[in-house]
Structures are given as C-alpha cells and as structure tokens.
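Secondary and tertiary structure notes
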Amino acid sequence: MKIIAARFLGAAATPGGGPPPGPPEVAIAGRSNVGKSALINVLVGRRGLARASRTPGRTRQLNFFALDERLVLVDLPGYGFAVGPEAERRAWKPLVETYLGERPTLRGVLLVVDARRGIEAEEEELLAYLAALGRPAAVAATKLDKLGRAEARRALAAAAARLGGTVPLVGFSARTGEGRIALWRLVDAWVA
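In this text, all values refer to a predicted model and were calculated from it rather than measured experimentally.

Glancing now at the packing of aromatic side chains. In the structure shown here, the tally under the stated rule is two aromatic pairs. Relative to Phe 65, the ring of Phe 8 lies with its centre 5.8 Å away and its plane at 65°, an arrangement referred to as edge-to-face. On the criterion of sequence distance, the pair formed by Phe 8 in strand E1 (residues 6–12) and Phe 65 in strand E3 (residues 62–67) is long-range, its members being 57 residues apart. For Phe 8, a relative accessible area of 44% corresponds to the partly exposed category. A residue is classified by how much of its surface remains accessible, and Phe 65, at 3% relative accessible area, is buried. When the centroid spacing of 6.1 Å and the interplanar angle of 80° are considered together, the rings of Phe 64 and Tyr 99 count as edge-to-face. Here the residue Phe 64 occupies a position in strand E3, and Tyr 99 occupies one in helix H2 (residues 86–102), the gap between them amounting to 35 residues.

Written out as structure tokens, the structure reads:
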C-alpha cells in the first residue's frame, strides 16, 4: 500500500477521548520498547510520523494517525517496563480497554513483539482479551535484523508454536522493511 498523505490526527488521554470515529482504524499494541513507532513509520513510509524514543514507555496516550483520510493507525501506550509515575501507568489500562472494547471503527489490532523475547504471558492475555471482544488480531515479531538468519527462523517458529495458529504471525524488520507487504495485506483484509 502506498501512502500519499499521513498526518497526526489527534490523541486521547482519557477513556472515550480522541478524534470522533471516522475511517476504519487499526490499533498497534505491544510492550514498551518493541519498536511500535518504528513499525508505524516503516508501514507508512514516513520518518518521524510516530516518534520513537530511547526511553521505554514514552507513548502515554492513544495517538491517532490518518493515512490518506481512509485509514487511521492508533498507537497504544506500551505495557511492561515503562518510565513514568505508577498512577499514570495504571490509568493507561482503562484508556486502552475502553478503546479496544468500545471503538466502533476499530477493525483489528496488530500486536508488536520483540522477536528476541517472543510471546509471553502478557501477550497471550491481550490476545485472549481481543478474542473475547471479537476483535481480529495479528502479531508482528520485530527486530529480526538483530538476529542471524537461523536464529530468526527459530524465534519465529517458537512464536508460532506459542500462538498455536490462533492469529497470523509476521516477521518484521524496520531496518530492512521485511514483513511490510505482509502486514499491509492483513490490514487491507481487516478494513475491506
């Protein structure tokens, strides 16, 4: 998919906030520091659209990005290790749960994991929650370029085994662009 125009549409810091529902939306979820911002930037073909930080947990609200005014990507706050006050991190849960449970234009959730860590209990819980909501999901295993070819194959095989075929799995590298086309195919199927 070639994106002509991409822009920051708005943000939500409180449950139910943010821009009014419009075009179909795809949420990007995952732990802090797994490469969500880099994935968004590579998918869209724009450097710096989603801001990446060396400090985990910098995304503290729902960030909405309009793509050609026909699709919206929504960057969710990371879970797991994040820098910030505990009360603020606890506030993210109702923010994210309200969005995932109630947003009428949400068509699917792309769960981003670091291929080196694989699928852990928190990812399984999120996928089970999405299944209970009836929300389509897929997993993008990022940072493949940080592994050797054989090691990357083993990491993807382990992630696929842990998922047990419940959701699609795509290996992804922000450095090489590997997996970009496969992810767009999933997104296109959700919003078709």
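The structure having been displayed, the exposition proceeds.
On to the packing of helix H1 (residues 36–44) against helix H5 (residues 180–191). The contact between H1 and H5 brings their axes to 10 Å, and the two run at 85°. With respect to each other, H1 and H5 are oriented roughly perpendicular. From H1, Leu 39, Val 42, Leu 43 and Val 44 reach across to H5, where they touch Arg 180, Leu 183 and Trp 184. Its residues placed into classes, the contact of H1 with H5 shows six nonpolar, no polar and one charged.

Unlike most non-glycine residues, Asp 68 shows phi in positive territory, near 50°. Its relative accessible area of 19% is what places Asp 68 among the buried residues. Positioned with a positive phi, Glu 69 is a non-glycine residue whose angle comes to about 55°. If you trace the backbone, Glu 69 turns up in the loop between E3 and strand E4 (71–75). Assessed through its relative accessible area of 48%, Glu 69 is described here as partly exposed.

So, on to the environment of Leu 130. Considering the arrangement of structural elements, one finds Leu 130 in helix H3 (residues 121–133). Judged by relative accessible area, Leu 130 falls into the buried class, the value being 0%. C-alpha separation for the pair Leu 130 and Gly 108, spaced 22 residues apart in sequence, amounts to 9.1 Å. Excluding anything up to four places from it in sequence, Leu 130 contacts Leu 100, Val 109, Arg 135 and Ala 137.

Next up on the list: the nonpolar core. Of all hydrophobic cores here, the largest spans 32 residues; its most connected members are Leu 62, Leu 76, Tyr 99, Leu 100, Leu 111 and Val 139. Looking at this core, the elements that each hand over two or more residues are strand E2 (25–30), E3, E4, H2, strand E5 (106–114), H3, strand E6 (137–142) and helix H4 (149–163). For Leu 62, the residues in contact, after removing those within four places along its chain, are Gly 10, Ala 11, Ala 12, Val 74, Asp 75, Leu 76, Pro 77, Leu 95, Val 96 and Tyr 99.

Cut-offs and rules
Residues numbered from 1 in each chain as written. Predicted model: local features only at pLDDT ≥ 70, side-chain atom pairs only at ≥ 80, totals over all residues. Heavy atoms only, no water. Phe/Tyr/Trp six-rings, centres within 6.5 Å; stacked < 30°, edge-to-face > 60°. Helix = DSSP H or I, 4+ residues; strand = E, 2+ residues; numbered from the N terminus. Buried < 20%, exposed > 50% of the residue type's maximum accessible area, 1.4 Å probe, protein only. Axes fitted to C-alpha atoms, helices over the stretch in contact; angles between N-to-C directions. Parallel < 35°, antiparallel > 145°, perpendicular 65-115°, else oblique. Contact = heavy atoms within 4.5 Å. Nonpolar A, V, L, I, M, F, W, Y, C, P; charged D, E, K, R; others polar. Core = buried A, V, L, I, M, F, W, Y, C linked by side-chain atoms within 4.5 Å.

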